[in-house]
Amino acid sequence: MNNTNRILTNGSKKSQAWNFDYIRCPKELLFGKLTTSQSGLTDVEASNRIEQYGYNEPARKKKRTILFQVFSKFLNPLVIVLLIIAGFSLFLGEKISAILVIIMALISVFLSFIQEHRAGKEAEKLNEMVRTTATVYRNGKPREINIREIVPGDIVDLFAGDMIPADLRIISSKDLFINQASLTGESFPVEKTPEIPTSSKRSPADLTNIAFMGSSVVSGTGLGVVIKTGPTTQFGEISRKLATITVASSFDKGIHRFTWLMIRFMVVLVLLIFAINAFNKGNVIPAILFALSVAVGLTPEMLPMLVAINLSKGAIAMSKKEVIVKRLNAIQNFGAMDVLCTDKTGTLTLDKIIIERHCDVVRKEDEDVLRFAYINSYYQTGLKNILDRAILKHEKLVVRQYKKIDEVPFDFSRKLMSVVVENDGKRRIIVKGAPEEIYKRCSKFELDGDVLEMDAGNLVLLELKNEYDNLSAEGFRVLAIAYKDFDPLKEKYTKEDEQDLILKGYIAFLDPPKPSAKKTIETLKNLGIDFKVLTGDNELVTKKICVEVGLDIKGFATGERVEKASDKDLRELTKATTVFARLSPIQKERVIHALHDNKHIVGYLGDGINDAPALKAADVGISVNNAVDIAKESADIILLKKNLLVLVDGVTEGRKTFGNILKYIKMGSSSNFGNMFSMTGASIFLPFLPMLPIQILLNNLLYDISQIAIPSDEVDREYLMKSRPWNVGYIKKFMLFIGPVSSIFDFITFGVLWFIFHAQQPLFNTGWFLESLCTQTLVIHVIRTGKIPFIQSKPSQFLIFTSIYIVTIGLVLPFIPLGKYFGFVQPPPGYFIALIVIVITYLFMVQRVKGWFIKRYGYE
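Residues numbered from 1 in each chain as written. Predicted model: local features only at pLDDT ≥ 70, side-chain atom pairs only at ≥ 80, totals over all residues. Heavy atoms only, no water.

**Concerning the overall build of the chain**
What counts, and what does not: Helix and strand assignments come from DSSP, with helices taken as H or I runs of at least 4 residues and strands as E runs of at least 2, each series counted from the N terminus. Partly exposed residues are those whose accessible area sits between 20% and 50% of the maximum for their type, while under 20% is buried and over 50% is exposed, using a 1.4 Å probe and protein chains only. Whether two residues touch is decided by their heavy atoms; if any such pair falls within 4.5 Å, the residues are in contact. In short, Shrake-Rupley with a 1.4 Å probe defines the accessible areas, and a residue's cover is counted only from the protein chains shown.
When you go through the chain residue by residue, the secondary structure sums to 30 helices and 25 strands. The buried share of the chain, taken over its 860 residues, is 56%. A fraction of 74% describes how many contacts in the chain between residues 6 or more apart in sequence connect residues 24 or more apart. For the chain, the accessible surface area stands at approximately 37,300 Å², while carbon and sulfur atoms represent 58% of it.

Here it is in structure tokens:
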């Protein structure tokens, strides 16, 4: 190829900074420079261009190597704290202490890495099943290919609902309107035409003949030639910047706030304990080691591991049910969701449309109405929706005598689409669409072959609307058919020609409700989730379907009412409304925002072009694999099967995940707060350290090992019945009330050891080690459930095993040679009787305080 047509090389792939004006040059020159034609490229040319320019993929976050993924886990603030403490221990000559701290850090790092890596592999397998495609011309014929295989010079067909797969120069169009808000911020779709822009500006908003990658076709049809792909596109340049940015969810922010709260708390306490011990006992080095060991004990170092394992476990569980989690934290949003909004078609209904009736304006069977509808669907080149497919599945009608002249594509403002055909030298526009929009454009109607005027008083129109309402009330989705003959003939037809039409009749479709819809709605209600329907369909059909699936309609509103409502009025309207009908895409988005303003966490399920803004606006957007491209790109969750019951599984997994994470957080925060009093009190009143630094580290290591089982734990059914948003205030209250209970029993243990057994430091250290390990390890069984008594709730077998195993190790250590290395001595038999009494009484007291706390503040 001629070097003047290509550009400078950049590394192994050629750049696409073309040395000609691809915006304003004539189409023929553009084809020559790109070495292409109206019929597109051949397979060989396309393959060569992939080698030259690479795949059509925007910049993504680089896939990190396994080594880098492991290294990134060490950058967590909690792990860094442990490594700093290990460094100090080594510097002070405490090698065993340093090894124990490093082991704790490694457990946290590698367990979280292994689980996340496994979940990532599962997600990659499933993501291969979700492919976004585009229609291009190869070897002169239209073919659907994966978007990543598109190359410069490809000719791309554009229809309503398509994502623009690369930067395109439009070479032909018909009422082509594109939503490029993600690039320009424009609120409304803009029209794209082949005409050269008159403005010399080169901003995306001014380039009316360029369609940009990442935007989407709202209505109309078009043909474009690919001028830029991948990172060189306008979208690619933005994605290159965004690839380095991570947006934190409310869940991430909550974890982050809790982490730094505990770190600040730990720093203050450690400095206080160091000062007390150094001042009282006069020995700085042991005071430093003791303070550092306390720091390890107060650090919730297992938190990143438990969060990673819980979220990854949820993603893997969902993948087995053929649900792709595109964003891991969407699982937690699932659990926190308290309102689920959904479109009606294909969600509450089977999405299997069949034609039940084709009738004239008084509902008499009329074959001509079906023929007109068939011609319209057959010749339109835009997105063929389920209604078009139902019409075309009908027995093929003879339409060859009709020659297509032009079409006016569908858009969401008109809710119509028209084709112009010619037969025996006569031209006719056939219009199919929403009856209320057809009525506005009709001045006559046809009945028994006669064309009659609609009277001035609109009495006839009211009667015609009544016939339509009767069909809708029976649960039919209805399209009206109208037409008009042209004389004289025209070359080009527009939406202005859709006036003075003759109403021909109706096509009535049946989309039966899903058998599972009623059960799903009931289950979601039991889970504390309000179910709201946001549909573009008419109110009569929507009401009929909602009643059939058992949805309790507390309030009903139309798009007209939403449009007129102020933001404040809309917030009030959403409180009392279950079903919204005749909504535009922007109105759906407004309803979602109003629900957010009312402090709801909102999910949205949709699969159409008109659902994309709502999917983006929702806290968790859910779509299906056979959805239009823009819907799949906007969603956080993809259902490979359109099964409503999977949503219930998603909610359950989200709540299980969050519940198990909170178990550790409540354990860690309350335990740390209790330890503050115990350590401070012991440092003030005892002439020696209450526990050796190495014993504190061992205690913490064994305790951490027991907590590894938390992600496998069962969650009470009652806990799953309510949404669980992040609530730091609740955690603080829990910490303040439950934490001091452990301190009380620590002080009781100190008293038993000091006054009854007259313990010197070795026995005192051993005695408190055993009490601390037993109470910390076993209290999880009280805290993990809201039930009273806690034995009503069954923990997982793994959690039972780790608890028994760790307590057994602790009790055996003073009696084996290894115990001597940690400074343990054998306690007298009487101490174990005291220990059993203390532990049982402690668990009983925690249970009592927890019961009082739940009555006052609830259970989160």
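That shown, we press on.
**A closer look at the pairing of strand 13 (residues 403-411)**
This is how the line gets drawn: In this scheme, strands are said to pair when DSSP sees at least two bridges between them.
Bridge count between strand 13 and strand 14 (residues 416-423): six bridges; the pairing is antiparallel. Looking across to strand 14, one finds that Asp 406 is bridged to Val 420. Linking strand 13 back to strand 14 in an antiparallel pair, the connection comprises four residues, with Lys 415 at a positive phi of about 60°.

**Observations regarding the packing of helix 10 (residues 303-319) against helix 23 (residues 645-685)**
The line we're drawing: Only C-alpha atoms enter the line fits that serve as axes; for helices the fit covers just the stretch in contact. Angles between N-to-C directions range over 0 to 180 degrees. If an angle is under 35 degrees, it is roughly parallel; if it is over 145, roughly antiparallel; if it lies from 65 to 115, roughly perpendicular; otherwise it is oblique. Left-handed is the label given to a crossing in which the near helix is rotated counterclockwise from the far helix by less than a right angle, and right-handed is the label when the rotation is clockwise.
One way to put it is that helix 10 packs onto helix 23 with a least axis distance of 10 Å and a crossing angle of 165°. By the angle class used here, helix 10 and helix 23 are roughly antiparallel. Crossing geometry of helix 10 relative to helix 23 is assigned as right-handed. The residues of helix 23 that touch helix 10, namely those facing Leu 303, Leu 306, Val 307, Asn 310, Leu 311, Gly 314, Ala 317 and Met 318, are Val 646, Asp 649, Gly 650, Glu 653, Thr 657, Asn 660, Ile 661, Tyr 664 and Ile 665.

**Here we look at the side chain of Thr 785**
Turning to its location among the elements, Thr 785 is positioned in the loop between helix 27 (780-783) and helix 28 (797-812). The residues contacting Thr 785, other than those within four sequence positions of it, are Asp 716, Phe 790, Ser 793, Lys 850 and Tyr 859.

**Section: the packing of helix 9 (residues 284-298) against helix 23**
Rule in force here: Here the term charged refers only to Asp, Glu, Lys and Arg, the term nonpolar to Ala, Val, Leu, Ile, Met, Phe, Trp, Tyr, Cys and Pro, and the term polar to all other amino acids, Gly among them.
Between helix 9 and helix 23, the least distance of the axes is 10 Å, while the angle of their chain directions is 165°. Relative to helix 23, helix 9 is oriented roughly antiparallel. When you trace helix 9 past helix 23, the crossing you get is right-handed. Across the interface between the two elements, Phe 290, Val 294, Gly 297 and Leu 298 from helix 9 touch Asn 672, Asn 675, Met 679 and Ser 683 from helix 23. When the residues that make up the contact of helix 9 with helix 23 are grouped by side-chain class, the tally is four nonpolar, four polar and no charged.

**Topic: helix 12 (residues 367-379)**
Operational definition: What a helix should span is 1.5 Å times the count of its residues minus one.
Between the first and last C-alpha of helix 12 there are 18 Å, a value that for 13 residues agrees with the 18 Å anticipated at 1.5 Å per step. Residues of helix 12 that are buried include every one of Val 369, Leu 370, Phe 372, Ala 373, Tyr 374, Ile 375, Asn 376, Ser 377 and Tyr 379, and no others.

**Structural notes on the pattern of salt bridges**
The criterion, for reference: Each reported salt bridge corresponds to a side-chain nitrogen of Lys or Arg within 4 Å of a carboxyl oxygen of Asp or Glu.
What the rule picks out here adds up to 31 salt bridges. Notably, a salt bridge pairs Asp 368 with Lys 504, separated by 3.9 Å at the nearest N-O pair. With Asp 368 in helix 12 and Lys 504 in strand 19 (residues 501-510), this pair connects stretches of sequence that are 136 residues apart. A salt bridge links Asp 497 to Lys 490; the nearest nitrogen and oxygen atoms lie 2.7 Å apart. Salt bridges sharing common partners tie together Arg 357, Arg 363, Glu 467 and Glu 474.

**Some remarks on the sheet that holds strand 24 (residues 620-624)**
Read across the sheet, eight strands follow the order 10-25-24-23-11-20-22-21 without closing on themselves; strand pairing throughout is mixed. The two strands at the open ends of the sheet, each matched to only one other strand, are strand 10 (323-325) and strand 21 (556-558). The mean inter-strand angle of the sheet, taken between neighbouring strand axes irrespective of direction, is 20°.

**Describing the nonpolar core**
Worth spelling out the cut-off: The term nonpolar core refers to a set of buried residues drawn from Ala, Val, Leu, Ile, Met, Phe, Trp, Tyr and Cys, joined through side-chain atoms within 4.5 Å.
Ranked by size, the top nonpolar core spans 104 residues in total, and within it Ile 665 and Phe 769 carry the most contacts. Looking at this core, the element that brings in the most residues is helix 30 (residues 829-857), giving 11 residues. Here Ile 665 is in contact with Ile 255, Phe 258, Leu 303, Trp 726 and Ile 731, once residues within four sequence places are set aside. Counting residues in hydrophobic clusters, the runner-up holds 34 residues, among them Ala 330, Leu 551, Val 579 and Val 648.

**Examining the confidence of the model for the chain**
Defined as follows: The pLDDT score gives, residue by residue, the confidence of the prediction method on a 0 to 100 scale.
The predicted model of the chain averages 83 in pLDDT, with 90% of residues at 70 or higher. Note on residues 242-247: pLDDT is under 50 here. Beyond four places in sequence and across chains, it has seven contacts.

**Some points on unusual backbone geometry**
Here the bond from Ile 788 into Pro 789 is cis, since omega is -5°, no more than 30 degrees from zero. Mapped onto the elements of the fold, Pro 789 is located in the loop between helix 27 and helix 28. Residues other than glycine seldom take positive phi values, yet Arg 363 does so here, at roughly 70°. With respect to the secondary-structure elements, Arg 363 resides in the loop between strand 12 (354-359) and helix 12. Despite not being glycine, Asp 448 shows a phi value in the positive range, around 55°. Along the chain, Asp 448 falls in the loop between strand 16 (442-447) and strand 17 (450-453).

**Examining the side chain of Asp 611**
Put simply, the test is: Here a polar contact is recorded for every N or O atom pair within 3.5 Å, except that within protein the pair must consist of a potential hydrogen donor and a potential acceptor, and residues adjacent in sequence are included only if both atoms are side-chain atoms.
With respect to the helices, strands and loops of the structure, Asp 611 is situated in the loop between strand 23 (602-605) and helix 21 (612-617). A polar contact is formed between the side chain of Asp 611 and the side chain of Lys 588, at a distance of 2.9 Å. Here Asp 611 is in contact with Asp 343, Lys 588, Tyr 604 and Gly 606, once residues within four sequence places are set aside.

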